[in-house]
Amino acid sequence: MLLDEEGERFAIARKPRVQRDAPPGAVAAPAAGAEGSSAGTSPRSDSRSSSPVPPGGAQAKVRNCIYIQTPVKDAMQTRHTLFKCSSHCRVHIDLVNLPVRDVKTKDGAATADDGEVDEELTRAVSQSKDGMLWKVVVSGMDVRKAVDWLQKMEQRITNDLSADAASAPGTLLNHGGVSAKPIQTEIILPRIVVDEVKRRFFTMKGYCYNVDVTFTHSDSKSKQFAKLSLGAGTIGEMERALDYLYGELSSMCLAARAPMTNMGVYTNLGFLGGELSHEDYRLLFYDDETKLSRSAATSSKPKNECTEDLDSSTFAVAFQQLNRCSIWVQSEQDMGRVLNNRVINESSPHKPRRIYFGVNPNRVSQLWGFLTSRVADLKRGVRFLHLDKDRIYQPSLLEPIRKNGNKSGCNYFFDFVRQTTGASVSIDSITNCHLRIDGGDITKNKRHADFEVDDKVELAEELIWLQVELLRDHHIRKQRWGFGRDWALLLDDDFSSKRRGASVSNDDDSTVATGTSVSKLTSTAEALRLSDNRAVGTACLEMSEIVNSAGLSEKVAAHACIIFYRYINLNDPATINSNFKLRDIQLATLFIANKAQKVTKWKRLDTVLEHAYKIFYPGSLFNPDSEEAKNWERRVIKAEMSVLTALQYDVFWPGVDWVINAVAGTKAMAEPLAENTMGLALSGHVLAAGPVLWLKYGPKYAFAAVAGFLQIDIEPLFRALSLQPLTVSHAAELIYNSCQALSKVKRSVSHQ
């Protein structure tokens, strides 16, 4: 047993080894272990692990301690540096607190316990900022190696602290570099898995290497969730621990059948993203105080819910849907806990709000960056316009105005808005359903800039909404999404041109030509071999009679005439199969309308042909088993397929019930009177008025015109159905001309 030179510890020295080939009388050199006894080495050290002989001879002293500052000591403990050193070098390390005031000095220099001047101690005293020093004493196997490694780590940590002093951390979880402050974050977990987490806590903690995992107070009155606090020295260790815990907690939630949000993530399971001030939180998720109070009053969540209801925030909803995550913020009503019969840590008007994300932890930093950038834009005066259901027009806002020809100037709507208002408009990359309107920075000159920016943004919003209304009207007219194409656009817009074209024909044919343009009627007549312009009106009249004979509703006849008009008014007459007769097309469209209605059981094809035979050939007998009837059935089925193919299955129609509901609901007309008027409007002569009335104007104008013929007050109808007086007048003219043209048509036997 030998006492070291500092008189602090005893060490066992190895007995000197006598060299066999040494000359007689020679003194054997002491073993390295014996010389290292002053350094506190272990007697078990061998040639591989013992400290080398220090320069200056065998009697030179090996230093077994270093002096560090308090921040360096905290960083070493956080990183588990001392534990790693003791494990790898097989030494024991003690920390001794050394106040600066207790350090002995000699001629202005610090002295060690033996009274000699210690330059390292003097330098450490001069660098101390808190009046404290820490002496790291090393004893064990490889002291020299341990001291050298600790000195290198001290220098590295000191450099890292100097670099981090110039930069402020952006979040509670510092996602880059090494800081003197430990990297910390939090995890919230649902109460349903807390017992399982506690049962496996030490096992899970063991897999989180060099990460401190502890339960902390949730500060929740409802106790619907628990909270884990994590601390680590490096970002790599923290990421590995979070990834492991995320997998374990997800498995526990799956086994416990924990409830999930509509985004597919577990409720009350989230990872801390960062902390927002109360003002920034309201600026981000609520437009104004009125919206905040309204959302609290109309919240769909129960009052004892521990999370804030962000469903009223268009940004939060769009953000969660686009990123497939959940945003978790503890509600103000749930904040606080009971301690010694007192409620502490309750919410306050200026208390920061912590934001958690229900997502894989490797995406938390990215999502938190999105929120912070959004807050910075809002503070700068950027406004975000939510299109809501009008988002369907967003692609149209991005399309070029002039697709062909000269594209110089404002070829895009957003360019026009920028040049007109001075505010730049773009699609918000965070949500993809907001328009980002940047009118300038209000923080530069708050006296005037805020008013100028607001004026630019408001004018830009007004232009955008005007453009959306124009697009809405355009798309409604161009494409009726619920019932196929808008066939009104396939006809000429100016019916006066039809009048001029109709005046070219003879007086007998002019009444029917007013419903169809001359050029289109000519091509249709050539394709279907129509010898007379009145054939179209006669076909509609015959379809109405067949429907009445079969006992079907007059709405079926109207639907059949709509399909018939669509077919004969196609843009490309080449799509019309000229191998079919007009009556084959009539029966095909009638058979389609018959199968489309759900009021009564639809009639079989042989039944439809039987009633059609009575109308086409009055007084003749129809034999459904004859070869003629079989061939007729085959022709009608082929014609049906031709009609469906040519129209691309656009054979649906909104019907007329909405007209009756509109006038009866607004009390513009009594419902029985409205039904009788509509029944007359769906009669054969009115259905034969032509495609302009039924494809361009629609049933509401036919209804209003018939009501005028019945001398009913139609003034309330203009408001109820949004009618134009000039169009009603023209619809009445079309119906009158149709009745005049078909008055000489031979009536069938069933109506004589």
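Residues numbered from 1 in each chain as written. Predicted model: local features only at pLDDT ≥ 70, side-chain atom pairs only at ≥ 80, totals over all residues. Heavy atoms only, no water.

S.K.: Help me out: how do you make sense of helix α2 (residues 70-78) in this one?
M.R.: Residues three or four positions apart in an α-helix share a direction because the helix packs 3.6 residues into each turn. Among the residues of α2, those classed as buried are Thr70, Val72, Lys73, Ala75, Met76 and Thr78. One or two positions beyond α2, positive phi appears at His80, with a value near 60°. (Buried < 20%, exposed > 50% of the residue type's maximum accessible area, 1.4 Å probe, protein only. Helix = DSSP H or I, 4+ residues; strand = E, 2+ residues; numbered from the N terminus.)

S.K.: Can you walk me through the packing of helix α24 (residues 657-665) against helix α28 (residues 699-709) in this structure?
M.R.: One can describe the packing of α24 onto α28 by two numbers: an axis separation of 9 Å at closest approach and a directional angle of 55°. When the axes of α24 and α28 are compared, the pair comes out oblique. Viewed along their axes, α24 and α28 form a crossing whose handedness is right-handed. Contacts between α24 and α28 pair Trp658, Val659 and Val663 from the former with Pro699, Lys700 and Phe703 from the latter. Residue composition of the contact of α24 with α28, by class: five nonpolar, no polar and one charged. (Axes fitted to C-alpha atoms, helices over the stretch in contact; angles between N-to-C directions. Parallel < 35°, antiparallel > 145°, perpendicular 65-115°, else oblique. Left-handed = near helix turned anticlockwise from the far one by under 90°. Contact = heavy atoms within 4.5 Å. Nonpolar A, V, L, I, M, F, W, Y, C, P; charged D, E, K, R; others polar.)

S.K.: Help me understand helix α25 (residues 671-681), please; the structure alone is not making it clear to me.
M.R.: Of the positions making up α25, those classed as buried are Ala674, Thr677, Met678 and Ala681. Angular distribution of buried residues about the axis of α25 spans 100°; they occupy a single face of the element. Across α25 from its buried face, at more than 90 degrees, point the exposed residues Pro672 and Asn676. Looking at the buried positions of α25, the neighbouring elements they touch are α24, α26 (684-687), α27 (691-697) and α28. (Arc of directions from axis to C-beta.)

S.K.: Please clarify how the sheet that holds strand β11 (residues 270-276) should be interpreted in this entry.
M.R.: As a general point, the strands of a sheet are linked pairwise by backbone hydrogen bonds and lie either parallel or antiparallel. Spatial ordering of the open sheet is given by β9-β10-β8-β11-β15-β12, a layout of six strands whose pairing is antiparallel. A single partner strand is all that each edge strand has here, and the edge strands are β9 (211-216) and β12 (326-328). With direction set aside, neighbouring strand axes in the sheet form an average angle of 35°. Alignment of strand β8 (residues 183-190) against β11, held across two bridges, turns out to be antiparallel. Residue pairing across strands places Ile188 opposite Gly270, the latter belonging to β11. (Pairing = 2+ DSSP bridges.)

S.K.: Which parts of the structure should I look at to understand the pattern of salt bridges?
M.R.: Any two side chains of opposite charge can pair, so long as their charged atoms come close to each other. In this structure the tally under the stated criterion is 29 salt bridges. In this structure, the salt-bridge partner of Glu275 is Arg354, at a minimum N-O distance of 3.1 Å. Taken together, the residues Glu275 in strand β11 and Arg354 in strand β15 (residues 353-358) connect sequence positions 79 residues apart. Note on Glu275: relative accessible area 36%, which makes it partly exposed. Across the pair Asp428 and Arg374 runs a salt bridge, and its minimum N-O distance is 2.8 Å. In this pair, Asp428 is assigned in the loop between β17 (424-427) and β18 (434-438) and Arg374 in helix α12 (residues 364-380), connecting sequence segments 54 residues apart. (Salt bridge = Lys/Arg side-chain N within 4 Å of Asp/Glu carboxyl O.)

S.K.: Can you help me understand the nonpolar core in this one?
M.R.: Counting residues in hydrophobic clusters, the biggest one holds 84 residues, and the most contacted among them are Phe564 and Leu693. Here this core gets eleven residues from one element, more than from any other, and that element is helix α20 (residues 554-568). Apart from the residues lying within four places of it in its own chain, the contact partners of Leu693 are Val686, Gly698, Ala702, Ala731, Leu734 and Ile735. If you look at the next biggest cluster of nonpolar residues, it comprises 49 residues, including Met204, Ala241, Leu269 and Cys325. (Core = buried A, V, L, I, M, F, W, Y, C linked by side-chain atoms within 4.5 Å.)

S.K.: Got a minute to help me understand unusual backbone geometry in this structure?
M.R.: Peptide bonds are trans in most cases, and residues, glycine excluded, mostly fall at negative phi. In this model, Asn268 sits at a positive phi of 60°, which is unusual for a non-glycine residue. In this structure Asn268 comes out as buried when scored by relative accessible area, which is 8%. Of note in this structure, Arg324 is not a glycine but carries a positive phi near 50°.

S.K.: How should I be thinking about the side chain of Asn323 in this particular structure?
M.R.: Residue position: Asn323 is located in helix α11 (residues 314-323). Within the structure, the side chain of Asn323 is placed 2.9 Å from the backbone oxygen of Phe319, a separation counted as a polar contact. Residue contacts for Asn323: discarding those within four places in its chain leaves Arg363, Leu367, Phe370 and Ile430. (Polar contact = N/O pair within 3.5 Å; in protein donor to acceptor, adjacent residues only side chain to side chain.)

S.K.: Looking at this structure, I do not really get the environment of Phe285. What am I missing?
M.R.: Considering the arrangement of structural elements, one finds Phe285 in helix α9 (residues 278-285). Considered as a pair, Phe285 and Val375 are 90 residues apart in the sequence and their alpha carbons are 9.8 Å apart. Sequence-distant contacts of Phe285, that is, excluding residues within four places in its chain, are made with Leu310, Ser313, Phe315, Ala316, Ile327 and Ile355.

S.K.: Is there a simple way to think about the confidence of the model for the chain in this case?
M.R.: Parts of the model with low pLDDT should not have their predicted coordinates read in detail. When pLDDT is averaged along the chain, the result is 77; 74% of the residues meet or exceed 70. With pLDDT under 50 throughout, residues 288-300 is counted as low confidence; its partners more than four residues away or in other chains account for ten contacts. (pLDDT = per-residue confidence, 0-100.)

S.K.: Just to check I follow, could you spell out the packing of α25 against α28 for this structure?
M.R.: For any two helices packed against each other, one specifies the crossing angle of their axes together with the interaxial distance. Running from N to C, α25 and α28 point in directions that differ by 105°, and their axes come no closer than 9 Å. On the basis of the axis angle, α25 is roughly perpendicular to α28. Contact with α25, carried on its side by Ala674, Thr677, Met678, Leu680 and Ala681, involves Ala702, Phe703, Val706 and Ala707 of α28 and no other residues of that element.

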